[in-house]
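Close look at the chain arrangement
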Amino acid sequence: MFFLYPPTFFWDFAIAMLVTFSLCITLGCIVWIRRKSACPLRKLLVSGVAAMSTLIGLLVLYGTFIEPQIITVTERSIDLPVTEPLTIAVVSDMHVGPFKGSRFMKRLVRTINNTLPDIVLLVGDYVYNEDAVLSYLDPLGDILASVGVFGVLGNHDQGQYATILGTRYFTFNQGEDIADALESLGIRMLRNEHEVLSIGLDSLAIAGIDDLWTADADLDAALADIPAGSPIILLSHNPTVIDELPAKDIDLVVSGHTHGGQIRLPFIGPLIALPIGISQDYDQGIFAIDDDTTLAITRGAGETWARSRLFAWPEVLLLTVQ
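Nothing here was measured: the structure is a model prediction, and the numbers come from that model. Counting starts from 1 at the beginning of each chain's written sequence and moves along it residue by residue. In keeping with the model being predicted, local features are shown solely for residues with a pLDDT of at least 70 and side-chain atom pairs are shown and tallied solely at 80 or more, while totals for entire chains, interfaces and linings include all residues. As a convention, hydrogens and water are excluded, and side-chain values are obtained from all of the structure's heavy atoms.

**What about the nonpolar core?**
Generally speaking, nonpolar side chains in soluble globular proteins are found buried as a group. As a reminder of what qualifies: The set of buried Ala, Val, Leu, Ile, Met, Phe, Trp, Tyr and Cys residues whose side-chain atoms join them within 4.5 Å is what this entry labels a nonpolar core. Categorising residues by exposure relies on relative accessible area from a 1.4 Å probe, with only protein chains included: less than 20% of the type maximum marks a residue as buried, more than 50% marks it as exposed, and the intermediate range marks it as partly exposed. The numbering of helices and of strands both runs from the N terminus, where a helix is a DSSP run of H or I of at least 4 residues and a strand a run of E of at least 2. Here, two residues are considered to be in contact whenever any of their heavy atoms come within 4.5 Å of each other.
Residues Leu108, Leu122, Tyr126 and Leu140 are the most contacted members of the largest nonpolar core, which totals 28 residues. In terms of residue count, helix H3 (residues 102–114) provides more of this core than any other element does, five residues in total. When neighbours within four sequence positions are excluded, Tyr126 is seen to be in contact with Met94, His95, Val96, Leu137, Leu140, Gly151, Val152, Leu153, Asp157, Ile178, Leu182 and Met189. Ile88, Val123, Leu197 and Leu317 belong to the second-largest nonpolar core, a separate cluster that totals 24 residues.

Written out as structure tokens, the structure reads:
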């Protein structure tokens, strides 16, 4: 297990070593420049190495201790065939555990409530691993949404993991415990089922499935008997579900799972391959799957593996339906 999913101290040690190495390189370059009467070109090169080393160290510190705490709200407009305006807040991948606890979750819920949502969609991966303290999720019970709060489970919740190289393996499935805990907080968990809502004069179906990496996902069951003509929002933690959509029209698919890459560079994107079975272009944001179906992927709020995010700020994705 250690080699499949190293404990958090492994990553903390790696981060500390990287920062220390960067600091040593920078100090070494400064000492060399002060003591050596080398040619100006050589001093310029050494100064460049020092600057690069300092920048790397600062980026590691920023990505480890600052960016993962910056909760952003990303506002996007989408189309749904309803007559009433709607505000839908989407949150995923909280991964409570060693990196995120109750204090962060309270801040996250305050951010959600400040958007004044009609509907809140929670699309899985509430925990980091099977050792997570489920009481860290209690602040989710304070979410205020005029219509309701709906959720599905993710791969971490159901004991399905991937190594940093993409190999999948499984451990203890605590999906039942997590679903029960969230239901007790007033969150409607959709486990291969749907709920039909009345929005003004319209109806709106919200369907949800268990994680695709498990044998429990049943898309047909989730969509069965939805009234004809009702717009459908499908919650699936993994966006790979777009390859399995049935003939029934799905207006909006809402997913997480990608973390937006978690570690990104400008103009390059994610540094590590996303654990999805579709194009790597589906990392975050809004995508038109066809003329009738939109895919919305949030980069989530928490972290796995290292406690770092870089240019992939924790996010509440706010979808506005005009």
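**Regarding the pattern of salt bridges**
Our working definition: Each salt bridge in this description consists of a side-chain nitrogen of Lys or Arg and a carboxyl oxygen of Asp or Glu lying within 4 Å of one another.
For the structure shown, the criterion picks out nine salt bridges. Arg307 is paired through a salt bridge with Asp12; the nearest N and O atoms lie 2.8 Å apart. Placement of Arg307 in the loop between strand E15 (294–297) and strand E16 (315–321) and of Asp12 in helix H1 (residues 8–35) is noted, with a sequence separation of 295 residues between them. As a salt-bridge pair, Glu195 and Arg188 come within 2.9 Å of each other at their nearest N and O atoms. What makes Glu195 partly exposed here is its relative accessible area of 27%. Three or more residues joined by partner-sharing salt bridges are found here, namely Lys100, Glu303 and Arg309.

**Section: helix H2 (residues 40–66)**
Let me state the cut-off plainly: Multiplying 1.5 Å by the residue count of a helix minus one yields the expected span of that helix.
Compared with the 39 Å implied by 1.5 Å per residue over 27 residues, the 37 Å span of H2 between its first and last C-alpha is a close match. Looking at H2, one finds that the buried residues are Val46, Ala50, Ser53, Gly57, Val60, Gly63 and Thr64. Considering only its buried residues, H2 is in contact with H1.

**Considering the pairing of E16**
Regular strands place their side chains on alternate faces of the sheet. We count it as follows: By the convention used here, strands pair only if DSSP detects at least 2 bridges between them.
The element E16 is extensively covered by neighbouring structure, given that seven of its seven residues are classed as buried. Along E16, one buried face is formed by Glu315, Leu317, Leu319 and Val321 and the opposite face, lined by Val316, Leu318 and Thr320, is buried too. Note that strand E1 (residues 72–78) and E16 share seven bridges and pair parallel. Bridge pairing in E16 places Thr72 opposite Glu315. Two elements, strand E2 (residues 86–91) and E16, share five bridges in a ladder whose sense is antiparallel. Bridge pairing links Ile88 to Leu319 in E16.

**Concerning the packing of H1 against H2**
Quick reminder of the rule: Fitting a line to C-alpha atoms yields each axis, with helices limited to the stretch in contact; the angle taken between N-to-C directions then spans 0 to 180 degrees. Here the angle decides the label: under 35 degrees means roughly parallel, over 145 means roughly antiparallel, 65 to 115 means roughly perpendicular, and every other value means oblique. By definition, turning the near helix anticlockwise from the far helix through less than a right angle yields a left-handed crossing, and turning it clockwise yields a right-handed one.
Relative orientation of the contacting elements H1 and H2 amounts to 155 degrees, with a least axis distance of 9 Å. Taken together, the axis directions place H1 and H2 in an arrangement best described as roughly antiparallel. Crossing handedness for the pair H1 and H2: left-handed.

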